[in-house]
Amino acid sequence: MAQAYPQPLAPAIRRPWLRIFLGGLALWLATVVATYLTGNPNLVPTLVLLGSFLVPVTFVA
């Protein structure tokens, strides 16, 4: 009698790095728009930090 073994589950997300990159890019673009519309120079460091962490975090993922 053949015994049925459970099949391994397929990964839910095939490319998690793409999802992380696109989410971070959307967040960065929203910050660019907010900085432009408000003219607040205090948001510039946020742009730099988001931009400088986006690619390394995506690469590690």
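Residues numbered from 1 in each chain as written. Predicted model: local features only at pLDDT ≥ 70, side-chain atom pairs only at ≥ 80, totals over all residues. Heavy atoms only, no water.

Colleague: Residue-level account of the overall build of the protein, with values.
Modeller: In terms of helices and strands, the protein carries 2 helices and 0 strands. In the protein, which comprises 61 residues, the share counted as buried stands at 10%. Surface summary for the protein: the accessible area is close to 5,400 Å², and the carbon and sulfur share equals 72%. (Helix = DSSP H or I, 4+ residues; strand = E, 2+ residues; numbered from the N terminus. Buried < 20%, exposed > 50% of the residue type's maximum accessible area, 1.4 Å probe, protein only. Areas by Shrake-Rupley, 256 points an atom, 1.4 Å probe, with all protein chains shown as cover.)

Colleague: Any chance you could break down helix H1 (residues 16-38) for me, citing the residues and the numbers?
Modeller: For H1, which comprises 23 residues, the first-to-last C-alpha distance of 33 Å matches the rise-based estimate of 33 Å (1.5 Å per residue) to within 8%. When we look at burial in H1, the residues that qualify are Gly-24, Thr-31 and Thr-35. Here the buried face of H1 lies against helix H2 (44-60). (Expected span 1.5 Å × (residues − 1). Contact = heavy atoms within 4.5 Å.)

Colleague: Pulling in residues and values, what's your account of the packing of H1 against H2?
Modeller: Running from N to C, H1 and H2 point in directions that differ by 170°, and their axes come no closer than 10 Å. In terms of orientation, H1 lies roughly antiparallel with respect to H2. The residues of H2 that touch H1, namely those facing Trp-17, Ile-20, Phe-21, Gly-24, Leu-25, Leu-27, Trp-28, Thr-31, Val-32 and Thr-35, are Val-44, Thr-46, Leu-47, Leu-50, Gly-51, Leu-54, Val-57 and Thr-58. Partitioning the contact of H1 with H2 into residue classes produces 12 nonpolar, 6 polar and no charged. (Axes fitted to C-alpha atoms, helices over the stretch in contact; angles between N-to-C directions. Parallel < 35°, antiparallel > 145°, perpendicular 65-115°, else oblique. Nonpolar A, V, L, I, M, F, W, Y, C, P; charged D, E, K, R; others polar.)

Colleague: Break down the environment of Leu-29 for me, with residues and values.
Modeller: Among the structural elements, Leu-29 can be located in helix H1. The partly exposed category is assigned to Leu-29, whose relative accessible area is 42%.

Colleague: Account for a nonpolar patch on the surface, naming residues and giving values.
Modeller: Together, Ile-20, Leu-49, Phe-53 and Val-57 make up a nonpolar patch on the protein surface, roughly 360 Å² of accessible area in all. When residues of the nonpolar patch are assigned to their parent elements, the largest contribution, 3 residues, is made by H2. We classify Val-57 as partly exposed; its relative accessible area is 43%. (Patch = residues over 30% accessible without salt bridge, like charges linked within 9 Å, V, L, I, M, F, W, Y side chains within 5 Å. Salt bridge = Lys/Arg side-chain N within 4 Å of Asp/Glu carboxyl O.)

Colleague: Give a detailed account of the side chain of Thr-35, specifying residues and quantitative values.
Modeller: Position of Thr-35 among the secondary structure elements: in helix H1. Here Thr-35 falls in the buried class, since its relative accessible area comes to 13%. When sequence neighbours within four positions are dropped, the list of residues in contact with Thr-35 reads Asn-40, Leu-43, Val-44 and Leu-47.

Colleague: Tell me about the environment of Val-48, and please be specific about residues and values.
Modeller: Mapped onto the elements of the fold, Val-48 is located in helix H2. Classification of Val-48 by relative accessible area gives exposed; the value is 53%. C-alpha of Val-48 to C-alpha of Trp-28: the two residues are 20 residues apart in sequence and 9.2 Å apart in space.

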